[in-house]
Structure formats: structure tokens, C-alpha cells
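This is what each chain is made of:
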Amino acid sequence: MSLWEYVGDRWDLILFETVQHASMVAQCVLIAAVLGVLIGVAAYRRPRPSALATTIAGVLFTIPSLALLGLLIPPLGLGVAPSVTAIVVYALLPIIRNTIVGLQGVDPLLVDAARGIGMSRRRLLTRIELPLAWPVILTGIRVSTQLAMGIGAVAAYVSGPGLGEQIFSGLARLGGANAVNSALTGTIGVAILALLFDAAFVLLGRFTTPGERRAAMGGARG
């Protein structure tokens with residue numbers, strides 16, 4: 001059976017697993033983005049908290065994915081809970097790091113000018129610093145999404161949802177019927193999803209970054 005025949009014969013299952021994978025990654029990246037930005041905002045003004053936040057996230061990031069998933073089985077069991085936890089943990093580092101770098105990179109003259117006109121710390125953060133740091137933060141979220149795609153596939157090790165089931169099932173049956181087709185289907189599906197998500201972030205950046213938004217509107221009018 002060819003790859004196309006395999007996909008056509010199991011299209012409903014593959015489509016269901018693809019939607020599962022995309023949904024899991026999207027939700028995990030959203031959770032990681034909220035946590036990562038909040039941690040970055042809390043830490044960026046002081047060197048020690050900034051270093052501590054990035055160090056802890058970096059240490060967690062160095063744990064091999066299979067080892068972390070295995071360690072999560074006793075407290076969380078199998079399925080969605082350990083999968084989501086592991087993906088969020090791995091997605092945090094780029095977001096925390098880029099949030100801190102982006103906020104620290106805002107021009108101090110702009111910050112001083114905003115303070116000079118009486119802008120509160122909260123308004124300064126929401127009106128000046130976060131908008132200017134947004135392109136850097138978004139880059140971190142894009143990197144985290146690509147990481148989450150791969151970790152989401154490995155999460156099949158703990159019976160996590162998604163296309164990883166196709167990959168692990170095929171690898172477990174290497175030499176058997178359709179084993180390679182199964183592994184290839186899962187791998188290609190994850191790669192396609194990664195490209196689609198990245199394209200969505202490119203569009204998001206274009207319409208949420210002031211300079212990019214003006215360029216896009218000018219191009220549309222032209």
C-alpha cells in the first residue's frame with residue numbers, strides 16, 4: 001500500500017488526530033504565552049529575578065522530553081495532563097527570555113519621557129513598553145510553537161493525543177505492514193501543521209506590529 005492509499009484509507013482518523021494535535025499545541029502555547037509574559041513582566045526590571053527566571057526555565061528545558069514525560073506519569077497519569085504539562089514547560093523558555101529581552105530593550109529615553117508626563121507604571125508598561133517589545137515577544141512565541149509541535153508528537157509516549165500516535169505506532173511496528181506509512185504520515189502531518197502555525201504568526205505580526213500594519217495597509221491600497 002502506498003502512502004497516499006494509506007492516508008486515504010484512514011483519512012477520518014488522521015484528520016481527527018491532526019485536529020487534536022493542533023488544538024493541544026494551540027492551547028499549550030496560549031498557556032505558556034500568558035505565564036511567560038507575566039513572569040517576564042514581573043522580572044525584567046531587576047537583574048537577579050531576570051537571571052533566576054531564565055535560569056530555571058533553561059534548566060527545565062534541558063531535561064530530555066522522554067525523561068520529563070516519564071517523570072510526570074506517577075503524579076499525573078497518562079493522557080492529556082502530562083502531555084500538556086510537558087509542552088508548557090518546554091514552551092516557557094523562549095517566551096520568558098524574549099519578553100525580558102524585549103522589555104529591557106525599550107529605549108530608556110521613551111520611558112523617561114513617559115514618566116515625565118506623569119504616566120503611571122502600569123500605563124507605561126501597557127502603552128509603551130509592551131507594544132514596543134511585542135515583535136520580540138512574538139518571535140519567542142513562534143519559536144515556542146515549533147518546539148511544542150515536536151514535543152506534542154513525543155507526548156504519544158504517555159498516550160497523549162495527536163499525530164504522535166501515528167509516529168510511535170509506525171516505529172513500534174517497523175518491518176510490519178504500513179509501519180513506514182504510519183510514521184511518515186505522522187511526521188509529515190506535524191511538519192505541515194508547524195508551517196501553517198508559523199504562517200499564522202507571520203500574519204499576526206504583520207497586523208499587530210504598528211510599522212508592519214501600516215505597510216500592509218499601504219500595500220492593500222496600492
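This one's a predicted model, so the numbers in the text were calculated from it and none came from an experiment.

This part is about the layout of surface pockets. Within this model, the largest pocket holds a volume of roughly 260 Å³. Ile14, Thr185, Ile188, Gly189 and Ile192 are, among the 15 residues lining the largest pocket, the residues nearest its centre. Listed by contribution, the elements that provide at least two residues to the lining of the largest pocket are helix H1 (3–9), helix H2 (11–43) and helix H9 (179–208). The biggest single contributor to the lining of the largest pocket is H9, with seven residues. Its residues assigned to classes, the lining of the largest pocket comprises 12 nonpolar, three polar and no charged. Of the volumes computed, that of the second largest pocket is approximately 170 Å³. Together, Tyr44, Arg45, Leu103, Gln104, Val106, Pro108, Val111, Asp112, Arg115 and Glu129 line the second largest pocket.

Once that is clear, we can look at unusual backbone geometry. Backbone phi values are negative for most residues with the exception of glycine, while trans is the configuration of most peptide bonds. With phi around 65 degrees, Ser159 is a residue other than glycine that occupies positive phi space. By the element assignment, Ser159 lies in the loop between helix H7 (121–154) and helix H8 (164–172). Although it is not a glycine, Asn178 adopts a positive phi angle of roughly 65 degrees. Note that Asn178 resides in the loop between H8 and H9.

Another aspect to go through is the environment of Ala153. Mapped onto the elements of the fold, Ala153 is located in helix H7. Here the alpha-carbon distance between Ala153 and Gly186, two residues 33 residues apart in the chain, equals 8.2 Å. In contact with Ala153, not counting residues within four places along its chain, are His21, Gly164, Ile167, Phe168 and Val190.

The final tally for this structure, using the stated rule, is three salt bridges. Between Arg45 and Glu129 there is a salt bridge whose closest N-O contact spans 3.5 Å. Taken together, the residues Arg45 in the loop between H2 and helix H3 (47–62) and Glu129 in helix H7 connect sequence positions 84 residues apart. Since its relative accessible area comes to 27%, Arg45 is described here as partly exposed.

Here we come to the nonpolar core. Ile141 and Met149 are the most contacted members of the largest nonpolar core, which totals 44 residues. Of all the secondary-structure elements, those providing two or more residues to this core are H2, H3, helix H4 (65–76), helix H5 (80–104), H7 and H9. Per element, the largest residue contribution to this core is 12 residues, and it comes from H5. Ranked by size, the runner-up nonpolar core spans five residues in total, among them Val106, Ala114, Met119 and Leu124.

Closest axis-to-axis distance for the H2/H7 pair is 9 Å, and the angle between their directions is 140 degrees. In terms of axis orientation, H2 runs oblique to H7. The handedness of the crossing between H2 and H7 is right-handed. Only Leu125, Leu130, Ile137, Ile141, Ser144, Thr145, Ala148, Met149, Gly152 and Ala153 of H7 make contact with H2, whose side of the interface consists of His21, Met24, Val25, Val29, Ala33, Val37 and Val41.

Let's shift gears to the environment of Ile63. Take Ile63: it is sitting in the loop between H3 and H4. For Ile63, a relative accessible area of 26% translates into the label partly exposed. With 27 residues separating them along the chain, Ile63 and Tyr90 place their C-alpha atoms 9.1 Å apart. The contacts of Ile63, once residues within four sequence positions are left out, are Leu68 and Tyr90.

So, on to the confidence of the model for the chain. Low pLDDT means the predicted atomic positions in that stretch should not be read closely. Taken residue by residue, the chain gives an average pLDDT of 89. The fraction at 70 or more is 94%. Looking across the chain, the model is least confident in helix H10 (residues 210–221), with a mean pLDDT of 45, and most confident in H2, with 96. Considering only residues more than four positions removed or in separate chains, one finds that residues 213–222, a stretch of pLDDT under 50, has five contacts.

Relative accessible area serves as the criterion here: at 4%, Glu129 is assigned to the buried category. Leave out the neighbours within four places in its chain, and Glu129 touches Tyr44, Arg45, Leu103, Val106, Val111 and Leu124.

Let us now look at the environment of Val29. You can see Val29 is positioned in helix H2. Each C-alpha atom of the pair Val29 and Ile56 lies 18 Å from the other, and the pair is 27 residues apart in sequence.

Analysis parameters
- Residues numbered from 1 in each chain as written.
- Predicted model: local features only at pLDDT ≥ 70, side-chain atom pairs only at ≥ 80, totals over all residues.
- Heavy atoms only, no water.
- 1 Å grid on protein atoms, 1.4 Å probe; cavity = no way out; pocket = protein on both sides within 12 Å on 5 of 7 lines; lining within 4 Å.
- Points joined across faces, edges and corners; volume = space filled by probe spheres on them.
- Helix = DSSP H or I, 4+ residues; strand = E, 2+ residues; numbered from the N terminus.
- Nonpolar A, V, L, I, M, F, W, Y, C, P; charged D, E, K, R; others polar.
- Contact = heavy atoms within 4.5 Å.
- Salt bridge = Lys/Arg side-chain N within 4 Å of Asp/Glu carboxyl O.
- Buried < 20%, exposed > 50% of the residue type's maximum accessible area, 1.4 Å probe, protein only.
- Core = buried A, V, L, I, M, F, W, Y, C linked by side-chain atoms within 4.5 Å.
- Axes fitted to C-alpha atoms, helices over the stretch in contact; angles between N-to-C directions.
- Parallel < 35°, antiparallel > 145°, perpendicular 65-115°, else oblique.
- Left-handed = near helix turned anticlockwise from the far one by under 90°.
- pLDDT = per-residue confidence, 0-100.

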